[in-house]
Amino acid sequence: MKKVEFILGIAIVIIAVFIIENKLYYPSLPIENLSAKEAIDKLKESESKIAEIAVEGDSIWYIISSENQGISSADEYIKQLIGSNGWEFKDKDGAGLFFEKDGRRLIATTQMWTGNYVLVKIPDDFK
């Protein structure tokens, strides 16, 4: 009986390590072919609190670390990113940040992914 308990204990430890290492405890991403582990690793590799994680169709996805700062700090990173390309911030309505440049309008959409990360979808023509 002790042998079965030992083997079961080892199996549980191996499964727990696998789940933690691959970040399977995070919710799924709204981006195809990208795991939570890959997204977080890209952010950790970046020198800032924002990183591009995917290009999907005509949009670019970013991840922002909002740890201990909330969504408002993520909004500031978005304003800086888009503003550095000549877009002027106009308004925020819900999860959308509205920008204008040369009579064109751009909407960046935010989504709280976890308590520590915000996902942002921006049309690729902002650059």
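See the structure shown above.
Residues numbered from 1 in each chain as written. Predicted model: local features only at pLDDT ≥ 70, side-chain atom pairs only at ≥ 80, totals over all residues. Heavy atoms only, no water.

A. Inspection of the overall build of the protein chain at higher detail. The helix and strand inventory of the protein chain stands at three helices and six strands. Counting from the amino terminus, helix and strand elements in the protein chain follow one another as α-α-β-β-α-β-β-β-β. For 127 residues, the compact-globule estimate of 2.2 N^0.38 gives 14 Å, and the C-alpha radius of gyration of the protein chain, at 19 Å, exceeds that figure by more than 25%. By its C-alpha atoms, the protein chain is 75 × 30 × 25 Å across when sized along the principal axes. Taking all 127 residues of the protein chain together, the buried fraction comes to 33%. (Helix = DSSP H or I, 4+ residues; strand = E, 2+ residues; numbered from the N terminus. Rg over C-alpha atoms; globule rule 2.2 N^0.38 Å. Buried < 20%, exposed > 50% of the residue type's maximum accessible area, 1.4 Å probe, protein only.)

B. Local environment of the sheet that holds strand β3 (residues 88-93). Taken in spatial order, the six strands line up as β1-β2-β6-β5-β4-β3 in an open sheet, and their pairing is antiparallel. Each having just a single partner strand, β1 (50-56) and β3 make up the two edges of the open sheet. Going across the sheet, the axis of each strand differs from the next one's by a mean of 25°, ignoring polarity. Note that β1 and strand β2 (residues 59-65) share six bridges and pair antiparallel. Along β2, the bridge assignment pairs I50 with I64. Set on the sheet, helix α2 (residues 36-45) makes contact with β1, β2 and β6 (117-123); between it and β1 the angle comes to about 135°. (Pairing = 2+ DSSP bridges. Axes fitted to C-alpha atoms, helices over the stretch in contact; angles between N-to-C directions. Contact = heavy atoms within 4.5 Å.)

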